Amino acid sequence: MAKKVAVIGAGVSGLISLKCCVDEGLEPTCFERTEDIGGVWRFKENVEDGRASIYQSVITNTSKEMSCFSDFPMPEDFPNFLHNSKLLEYFRMFAKKFDLLKYIQFQTTVLSVRKCPDFSSSGQWKVVTQSNGKEQSAVFDAVMVCSGHHILPHIPLKSFPGIERFKGQYFHSRQYKHPDGFEGNRILVIGMGNSGSDIAVELSKKAAQVFISTRHGTWVMSRISEDGYPWDSVFHTRFRSMLRNVLPRTVVKRMIEQQMNRWFNHENYGLEPQNKYVMKEPVLNDDLPSRLLYGAIKVKSTVKELTETSAIFEDGTVEENIDVIVFATGYTFSFPFLEDSLVKAENNMVSLYKYIFPPHLEKSTLACVGLIQPLGSIFPTAELQARWVTRVFKGLCSLPSERTMVMDMIKRNEKRIDLFGKSQSQTLQTNYVDYLDELASEIGAKPDFCSLLFKDPKLAVRLYFGPCNSYQYRLVGPGQWEGARSAIFTQKQRILKPLKTRSLKNSSNFPASILLKILGLLAVVVAFFCQLHWS
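In the nomenclature of an unreviewed UniProt entry, the protein chain is known as Flavin-containing monooxygenase of Callithrix jacchus. According to its UniProt record, the protein chain has this under Sequence similarities (unreviewed entry): "Belongs to the FMO family."

1. Side note on the pattern of salt bridges
Taken as a whole and judged by the stated rule, the model has 31 salt bridges. The shortest N-O distance in the salt bridge between Arg 42 and Glu 35 comes to 3.1 Å. Two residues, Glu 305 and Arg 165, come together in a salt bridge whose shortest N-O distance is 2.8 Å. Residue Glu 305 is found in strand β15 (residues 303-306), and its partner Arg 165 is found in the loop between β8 (152-153) and β9 (169-172); the two are separated by 140 residues along the sequence.

2. Considering the sheet that holds strand β18 (residues 324-327)
Strand pairing in a sheet is mediated by backbone hydrogen bonds. Such pairs are either parallel or antiparallel. The strand order across the open sheet formed by five strands is β9-β18-β10-β11-β14, and the pairing between neighbours is parallel. One side of each edge strand has no neighbouring strand; the edge strands of this open sheet are β9 and β14 (297-300). When strand polarity is set aside, the average angle formed by the axes of neighbouring strands in this sheet is 20°. Here helix α5 (residues 194-203) sits on the sheet and contacts β10 (186-190), β11 (209-213), β14 and β18; the angle it forms with β11, its principal contact strand, is near 165°.

3. Thoughts on the domain arrangement of the protein chain
For the protein chain, the assigned domains read domain 1 (4-151 + 333-439) and domain 2 (154-222 + 263-330). Placing the centre of domain 1 and that of domain 2 at their C-alpha centroids yields a distance of 31 Å. Listed by partner, the interface residues are 25 residues for domain 1 and 16 residues for domain 2. Counting each side, the surface lost to burial between domain 1 and domain 2 is near 1700 Å², with a carbon and sulfur contribution of 46%. Of all residues in domain 1, the largest losses of buried area upon contact with domain 2 belong to Val 47, Tyr 55 and Asn 61, amounting jointly to 34% of the total for that side. Taken together, the connections running from domain 1 to domain 2 amount to 10 residue pairs in polar contact (both at pLDDT 80 or more).

4. With respect to the state of the cysteines
For the coordinates displayed, the defined rule picks out zero disulfides. For Cys 30, which is in no disulfide, the shortest distance to another cysteine sulfur is to Cys 146 and amounts to 7.3 Å.

5. Notes on the sheet that holds strand β5 (residues 125-131)
Spatial ordering of the open sheet is given by β4-β5-β6, a layout of three strands whose pairing is antiparallel. Two strands lie at the open edges of the sheet, namely β4 (109-115) and β6 (134-140), each paired on one side alone. In this sheet, adjacent strand axes meet at a mean angle of 20° when their direction is disregarded.

6. Here we look at the pairing of β5
Taken together, the six bridges between β4 and β5 define a ladder with antiparallel strand orientation. Residue pairing across strands places Ser 112 opposite Val 128, the latter belonging to β5. Relative to β6, β5 runs antiparallel, the two sharing seven bridges. Paired with Gln 130 across the bridge in β6 is Glu 135. Remark: two residues form the turn of the hairpin made by β5 and β6, two consecutive strands paired antiparallel; Asn 132 in that turn has positive phi of roughly 55°.

7. Examining the packing of aromatic side chains
Scanning all chains against the criterion turns up 29 aromatic pairs. Consider the rings of Phe 119 and Trp 125, whose centres lie 4.8 Å apart with planes at 65°: the pair is edge-to-face. Note on accessibility: Phe 119 and Trp 125 belong to one class, buried. Linked through ring pairs, Trp 41, Phe 69, Phe 72, Tyr 90, Phe 91, Phe 94, Phe 98 and Phe 379 together constitute an aromatic cluster. Of note, Arg 223 hangs over the ring of Phe 81, and the distance from its end group to the ring centre comes to 5.8 Å.

8. Remarks on helix α3 (residues 84-97)
Taking 1.5 Å of rise per residue, the 14 residues of α3 would be expected to cover 20 Å, and the 20 Å separating its terminal C-alpha atoms lies within 8% of that figure. Along α3, the residues classified as buried are Asn 84, Leu 87, Leu 88, Tyr 90, Phe 91, Phe 94 and Ala 95. Along the axis of α3, the buried residues cluster in a sector spanning 155°; they form a single face. Turned more than 90 degrees from where α3 packs its buried face, Lys 96 and Lys 97 sit exposed. Residues of α3 that are buried in the fold lie against α1 (12-23) and α10 (378-394). Just past α3, the residue Asp 99 takes up positive phi, approximately 55°.

How each quantity is defined
Residues numbered from 1 in each chain as written. Predicted model: local features only at pLDDT ≥ 70, side-chain atom pairs only at ≥ 80, totals over all residues. Heavy atoms only, no water. UniProt positions renumbered as here; feature names shortened; annotations may be inferred. Salt bridge = Lys/Arg side-chain N within 4 Å of Asp/Glu carboxyl O. Helix = DSSP H or I, 4+ residues; strand = E, 2+ residues; numbered from the N terminus. Pairing = 2+ DSSP bridges. Axes fitted to C-alpha atoms, helices over the stretch in contact; angles between N-to-C directions. Contact = heavy atoms within 4.5 Å. Domains from an automatic or database assignment. Buried area = accessible area lost by both parts, 1.4 Å probe. Polar contact = N/O pair within 3.5 Å; in protein donor to acceptor, adjacent residues only side chain to side chain. Disulfide = S-S within 2.5 Å. Phe/Tyr/Trp six-rings, centres within 6.5 Å; stacked < 30°, edge-to-face > 60°. Buried < 20%, exposed > 50% of the residue type's maximum accessible area, 1.4 Å probe, protein only. Lys NZ or Arg CZ within 6 Å of the ring centre and 35° of its normal. Expected span 1.5 Å × (residues − 1). Arc of directions from axis to C-beta.

What follows is the structure, given as structure tokens:
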């Protein structure tokens, strides 16, 4: 009899977890507290307690070819970076294609998840839910927590002396929806992540003046990279990931600094990070530098104190007549339906093996999916997590001992701090390609480059030097998709299709493609033998 799996949440992680359960022959039931799928990507005009909230203009920071699920490419006419409504359309197409809606119980809140009395032998869970005022309970063989981590706003008011006497309006960024109603205001945005920067840029088009306060500064990148291609299709390649891993850290950090300053000099704009050699997630914003250039936005240091109408900053400067303060200070997360002994969040951190499994359970039948912040797209990351989790549930993959898992968690955290720093906003941060490969290795879905180099050198070159997207993890192993190779070779076509909306006469270019392929193949061979030498 198929094992019954409870999936909590019907956002991105919940949808892909459902599909992975079905692919492995498991019997899933998804509990979604709202009336629809999409999670954080489903815009609503009103803020709802217990639900993620976005502003109307949100656009993805990762491109469609790097964000789609591994056996379901986005339509070629979709733009490369999607408005939230377009991304939700893709999720609806995905749910329809794989007939996932029939597994979801909408407007159903999970109240508690508790071990059954015989958990040490059965690994089962008692899940209590509430729908239309009625409580129900059911026993499941496993549970996948897919409730996200952008729900509970983090507003550190104690860090802002004088906030209690400030006469203007202040609120967390999750309450912001659009710039209407802020015309002519002088606005202070505190926090310079992606949301803070987006909101500052949007408000600056209607406000009298916008100030953005940053404690540590940040790197700012454009979505547009070399030759106009999406940034992540250029940045996230196996070749570049290999260089970042094998070159001395000082060289890598210097390379990153030069790359970030290629668009504009961050020091001149007051944005250079305090610790510029920490690989903190950059801000993706195409408009911020230009808004700074003509004064619509001004960068300020940390707020030291607030008065009734003004903000005093650590550098001694004062900005008067502040009407509105927006706290873009991030989120905390918790799991109110779980006992602290299962998954406890402390200082915005949770103790999970590879960000997924609690290490201390007698049976590995509880997993968190999507509780991570990769330097690339969350969608392929959550998918590989779910593919591994469902195979662990089914007994096809096993976890190491508790001691081994705890040691791995300690080493992983030390490496995370070394790479990304100690900031609360970086507690879930991880390298992208390395983590995807790590998960794929667990299920036998990582491409074998040594074999491909001789069997299919054209594909090997594309995998090593081209974008590391999700299709690569459907070439081999369980869940192999026959369309994976074709999807890899046609991704450029899907990137360019929505851009070429005007017919042009064919231009005659020098046929250098053959030479480039030969050089690329030679580079793969050299890299292969170098890795043999290093090992």
